[in-house]
Amino acid sequence: MSQPKNPGSELPLQQQEEVVIRFAGDSGDGMQITGNQFTLTSAIIGNDLATFPDFPAEIRAPAGTRPGVSGFQVRFGSADIHTPGDQPDVLVAMNPAALIVNINDLKPGGVVVVNTGQFSDSDLKKANLAKNPLKDGTLAAYRVIEIDINKRVTDALKGTPLSSKEIQRCKNFYTLGLMYWLYSRPLEATTKWLDEKFAKRPELAQANKLAMQAGYNAGDIHEMFQGRFEVAPCETLPPGTYRNIMGNDALAIGLVTGAKLANLQIFLGSYPITPASGILETLASYKNHGVITFQAEDEIAAICSALGAAYAGHLGITSTSGPGMALKSEAMGLAVSIELPLVIVDIQRGGPSTGLPTKTEQADLLQAIFGRNSEAPIPVIAASMPSDAFETAIEAVRIATTYMTPVILLSDGYIANGAEPWRLPKIEDLKPFPKSFMTSAPEGGFLPYARDQHLARPWVKPGTPGLEHRVGGLEKAHLTGHISYEPENHEFMVRMRNNKVMGVRESIPTPNVFGDSTGDLLIVGWGSTRGAITSAVEKLHAKRRRVSSLHLRHVWPLPKGLDKIFGCFQSILVPEMNMGQMARVLRSEYPQHNIISYPKVQGLPFRTTELVAKVESLLEK
Amino acid sequence: MAETQTPQPAPLTKKDFKSDQEVRWCPGCGDYAILNSVQALMATLGIPRHQICFVSGIGCSSRFPYYMNTYGFHSIHGRAPAIATGIKTANPELSVWLVTGDGDGLSIGGNHMAHILRRNVDLKILLFNNEIYGLTKGQYSPTSPIGLKTKSTPMGSVDRPFDPLSFALGCGATFVARTIDSHLKHMEQILSAAAHHKGTAFVEIYQNCVIFNDACFENFAEKGVRDEHTIDLKPGHPMVFGKGLDKGIKIEGWEPKIVPAAQADTWKSDTHSPGPAFVMSTLHHDPAMPRPIGILRDVKAPIFEEAVHEQIRAARSKRGEGTLKELIYSGETWSVG
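*Asks:* Let's hear about the overall build of chain A: which residues, and what values?
*Replies:* Looking only at helices and strands, chain A features 20 helices and 23 strands. Its C-alpha atoms give chain A a radius of gyration of 27 Å, within 12% of the compact-globule value 25 Å for 621 residues. On the principal axes, the C-alpha backbone points of chain A span a range of 85 × 60 × 50 Å. Buried residues in chain A amount to 53% of all 621 residues.

*Asks:* Mind laying out the interface of chain A and chain B, listing which residues take part and the relevant values?
*Replies:* Listed by partner, the interface residues are 60 residues for chain A and 52 residues for chain B. Those elements that provide at least two residues to the side of chain A that touches chain B are helix H1 (31–44), strand S9 (240–246), helix H9 (247–261), strand S10 (266–270), strand S11 (292–295), helix H11 (299–311), helix H12 (322–338) and strand S17 (470–472) of chain A. Looking at which element gives the most residues to the side of chain A that touches chain B, the answer is H11 of chain A, with nine residues.

*Asks:* Before we move on, can you summarise the pairing of S11 of chain A with the specific residues and values?
*Replies:* On a regular strand, one side chain projects to one face of the sheet and the next to the other, so that they alternate. All names here are of chain A. When S10 meets S11, the two strands line up parallel, connected through four bridges. Across the sheet, Ser270 pairs through a bridge with Gln295, a residue of S11. The parallel pair S10 and S11 is bridged by helix H10 (residues 277–284), and the resulting crossover is right-handed.

*Asks:* Help me get a handle on the domain arrangement of chain A, residues and values and all.
*Replies:* All names here are of chain A. Its domain assignment divides chain A into domain 1 (13–230), domain 2 (239–507) and domain 3 (513–620). Taking only C-alpha atoms, the centre of domain 1 and the centre of domain 3 are 36 Å apart. Counting residues at the interface gives four residues for domain 1 and seven residues for domain 3. For the side of domain 1 that touches domain 3, the per-class residue count stands at one nonpolar, two polar and one charged.

*Asks:* Requested: an account of H12 of chain A, with residues and values cited.
*Replies:* Residue and element names in this part refer to chain A. Relative to the 24 Å expected for 17 residues at 1.5 Å per residue, H12 spans 24 Å between its end C-alpha atoms, a close match to the ideal helical length. Along its length, H12 reaches its greatest deviation from straightness, about 50 degrees, at Lys328. Of the residues trailing H12, Glu339 is marked for its positive phi of about 55 degrees.

*Asks:* Give a detailed account of the packing of H11 of chain A against helix H2 (residues 80–90) of chain B, specifying residues and quantitative values.
*Replies:* Where H11 of chain A meets H2 of chain B, the closest approach of the two axes is 6 Å, and the angle between their N-to-C directions is 45 degrees. With respect to each other, H11 of chain A and H2 of chain B are oriented oblique. For the crossing formed where H11 of chain A meets H2 of chain B, the hand is right-handed. Residues Ile300, Ala301, Cys304, Ser305, Ala306, Leu307, Gly308, Ala309 and Tyr311 of chain A of H11 of chain A lie in contact with H2 of chain B, whose contacting residues are Ala82, Ile83, Ala84, Thr85, Gly86, Ile87, Thr89 and Ala90 of chain B. Residues of the contact of H11 of chain A with H2 of chain B, tallied by class, amount to 12 nonpolar, five polar and no charged.

*Asks:* Account for the nonpolar core, naming residues and giving values.
*Replies:* Formed by 191 residues in total, the largest nonpolar core has its most connected members in Ile266, Leu307 and Val343 of chain A together with Ile87 and Val203 of chain B. The dominant element in this core, judged by the number of residues it contributes, is H11 of chain A, at 10 residues. For this core, the domains that each give at least three residues are domain 2 (239–507) and domain 3 (513–620) of chain A. If you look at the next biggest cluster of nonpolar residues, it comprises 55 residues, including Val74, Val113, Met179 and Tyr180 of chain A.

*Asks:* Outline the environment of Phe175 of chain B, supporting the account with residue identities and numerical values.
*Replies:* Structurally, the position occupied by Phe175 of chain B is in strand S5 (residues 175–180). A tally of 27 C-beta atoms within 10 Å means that Phe175 of chain B is categorised as buried.

*Asks:* Quick rundown of the packing of helix H6 (residues 171–182) of chain A against helix H8 (residues 202–221) of chain A? Include the residues and the values.
*Replies:* All names here are of chain A. Where H6 contacts H8, the axes come no closer than 6 Å and their chain directions differ by 40 degrees. In terms of orientation, H6 and H8 fall into the oblique class. Handedness of the crossing formed by H6 with H8: right-handed. Contacts between H6 and H8 involve Phe173, Tyr174, Thr175, Leu176, Gly177, Leu178, Tyr180, Trp181 and Leu182 on the former and, on the latter, Asn208, Ala211, Met212, Gln213, Ala214, Gly215, Tyr216, Ala218 and Gly219. Here the residues of the contact of H6 with H8 are counted per class, giving 12 nonpolar, six polar and no charged.

*Asks:* Explain the pairing of strand S12 (residues 315–320) of chain A to me, and be specific about the residues and the numbers.
*Replies:* Residue and element names in this part refer to chain A. Among the six residues in S12, six count as buried, and that is most of the element. Taking every second residue as pointing to the same face, both faces of S12 are buried, with Leu315, Ile317 and Ser319 on one and Gly316, Thr318 and Thr320 on the other. Note: S10 against S12, five bridges, orientation parallel. Looking at S12, one finds that Ser270 is bridged to Ser319.

*Asks:* Let's hear about the confidence of the model for chain A: which residues, and what values?
*Replies:* The share of residues in chain A with pLDDT of 70 or more is 98%, and the mean pLDDT across the chain is 95. Predicted confidence is poor over residues 1–8 of chain A, with pLDDT under 50, and the contacts of this stretch with residues over four places away or in other chains come to 11 contacts.

*Asks:* Go over the sheet that holds strand S9 (residues 247–252) of chain B, please, and point to the residues and values.
*Replies:* All names here are of chain B. One open sheet accounts for three strands, arranged S8-S9-S10; its pairing is antiparallel. Two strands lie at the open edges of the sheet, namely strand S8 (240–241) and strand S10 (255–260), each paired on one side alone. Here two bridges tie S8 to S9, and the two strands are oriented antiparallel to one another. Of the residues in S9, the one forming a bridge with Val240 is Gly248.

*Asks:* For unusual backbone geometry, give the residues involved together with the corresponding values.
*Replies:* Here the amide bond leading from Thr274 of chain A into Pro275 of chain A is cis, since omega sits at 0 degrees, within 30 degrees of zero. Position of Pro275 of chain A among the secondary structure elements: in the loop between S10 and H10. Residues other than glycine seldom take positive phi values, yet Glu339 of chain A does so here, at roughly 55 degrees. Tracing the backbone through its elements, the reader meets Glu339 of chain A in the loop between H12 and strand S13 (342–348). For Asn120 of chain B, which is not a glycine, the phi torsion comes out positive at approximately 65 degrees. On the secondary structure map, Asn120 of chain B appears in the loop between helix H4 (110–119) and strand S4 (124–129).

Cut-offs and rules
- Residues numbered from 1 in each chain as written.
- Chains lettered and ligands numbered in written order.
- Predicted model: local features only at pLDDT ≥ 70, side-chain atom pairs only at ≥ 80, totals over all residues.
- Helix = DSSP H or I, 4+ residues; strand = E, 2+ residues; numbered from the N terminus.
- Rg over C-alpha atoms; globule rule 2.2 N^0.38 Å.
- Buried ≥ 20, exposed ≤ 12 C-beta atoms within 10 Å, placed from the backbone.
- Contact = placed C-beta atoms within 7 Å.
- Pairing = 2+ DSSP bridges.
- Right-handed = clockwise from strand over helix to strand, strands pointing away.
- Domains from an automatic or database assignment.
- Nonpolar A, V, L, I, M, F, W, Y, C, P; charged D, E, K, R; others polar.
- Expected span 1.5 Å × (residues − 1).
- Bend = angle between axes of the 7 residues up to and from the residue.
- Axes fitted to C-alpha atoms, helices over the stretch in contact; angles between N-to-C directions.
- Parallel < 35°, antiparallel > 145°, perpendicular 65-115°, else oblique.
- Left-handed = near helix turned anticlockwise from the far one by under 90°.
- Core = buried A, V, L, I, M, F, W, Y, C linked by C-beta atoms within 7 Å.
- pLDDT = per-residue confidence, 0-100.

Written as structure tokens, this is what we have:
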């Protein structure tokens, strides 16, 4: 299975700065694997990139139908990449449904690769198409490459021990091979991955390799394309060691790192929920780091077990998505009351209720900040990119242990499943913040609710002689922690807990402004909108617009210094994937500024072009 | 060389387990007797106070941890099993006791109760059953009998109750027992057996609520009628009851029958199938039969938290103790510049 010598050498090789490819097929076609493999290879050869997997909630919706279409978009380039791109340059459509659902997103003049082997009358009918879009002019604005991938794969795998059904399941690797040829990528990384993945079924590894090679060779042999492309490594990536990382994995690694820096062991209590399950799965693989994972019977047991473990002296963590957050809220109040560290991870998805389980949204912000009974303040922080989830997770552990408080860490489906190259931190740059336990009564006696300079109470592990004490959800007397129904004590404790949480702002930096510190408009973002906002500001700078941006990691309490920064701009634009929740918070905290909300609630991230157009329309006024 | 002797701490007494908090149950409440028995039991276990942790949910019974001079966690309604699982799994060295009630443990927290029992976490559960909601002032509970008139059932309850012992057996509990707050000697034996069981021990304690459901157990639990109307199931002993222990139970097919004491079956709490225990747990559904108390089931099964820590040990011995470098610099990496 050697690669042909000088593959495609007779075809012209064009340099491109960046390309966006979208792989689209049936949810059983393996498009996510295809996209991930293309991403991995592109990362290894040094491109900067960003990805956007977009798949249905159903594991296998009826084959060939529009609801069953699964897509994976990857943007890779030799310059900085902040988003997965607004419009694909290339669309790979494995069936009519994939074609019709995605074709309107394709850039005019873009390339569409169609698997004609899946375009029978019954295929068209499943996609609810009266006419064949390959023949009715639907694709007139695009360059269409028609390949009968079904047949090509059958031919390529003749003589293998695979059944015809198994052979058809190798189609995605044929497609991948073809794209590797078109963009001059090596096959080694995927070959290695297949050997590892199918170590116990070598015949499947071999078949997929053959299919990939056939796709690769087809580029040369069949003269479908006028040329090949090359996307050079990104020269602007800072020096260092990199790996490709998805948001959920980065977040899980960040939690383990945070625990190690705090000198604590992790107890994760979690219940499977899309799109957060990956955190439970990844942490379950870190047992050699002493990580305990507990798949609880429900969301409430998940957080309660983590809180029990926190009482016992572990770093308690629970991970979930919006509906699970709603179920956990009573236990969060308990965590506030007993003042133990706990990290609550919310990978937001579209709602309300079950909503759009596999689509992204940022609409849990107000739930995170305010969504509990009574006065139950909790610090809230948000990751902005897949790799940023690593640092944000460490920050969540730092705040939780320093202030003896639950912390909510927000991410979303876009970050969770998206990937990008991650410049790995130097181990020596990771500063420890070891948490100490109280092991004996201080002078004057042990008071479970005495406080340090951060207003944090002491953490005592059960098992410590002489410090036996009781905690609970009833209001506690200041210092002793005994049950107290005294009116003045209650108000004192309510204010104390709030002051402690608001005190977190003393230990967080004022965010940097991207662009000039004065101007016509400041875009304020939080969470996963960062890439699109950064790209939009770059484009607006090129148009000489006086626009800057600022991104919030700490969303509650807000960092100090925002008032002064906001005052240097005519207006503040807050794009967010909800109906304006952060805008509402900012208006209430900073009523003196002109805060404009830009909501988007489609289960999809912002496009750079949308943001640019919005800013320009505001500046025209 | 002079022999140095490690000073042995003075043995603990019941008093050592009383906390400095004033006990605030209603006068005459059955909880006092249980608290007293538990404090006395603790002094016999040889476990230092700092190694003991009481966990509870919400309800009258759940105030229990405040009155024990040990570590304690009074949590939220129904969730004590989940919190206790977290505590025990994080620190298996602790002796963990869970105190709950019929509403807390079987209604709002029924799901958690089911799962802690099937997992077989090594902790002890004391479920105070008074067949009523006391702390909320007198509504019917999931163990209240049909027809019980309460504030929320002015015409009588139409809910079929369930039996806590049958519930626990159905969940695969490895130790299931029942005792009565007013039967101090029996309670002492059962609590001690539970304390020495390795795995989840589930003990239902009939506990009289003097305010909202007074005397609900009197027709079988009172001293004068107890011998005739209860049967104490003792593993390895014949199933006999009655004033002179003259009557016995024999299970024929699936049907328990009252027979002369000499013909009684020997009670086995460790049969392969929980079937006999299940039959006996519902004995009193036949009004002619005595109420079962004692030890219905006592079997061995793998301990949840031990298995969890065994996997961690195995992962460490196979892959070595995880380091930050290995954690972060894994997967496919590449260098730039």
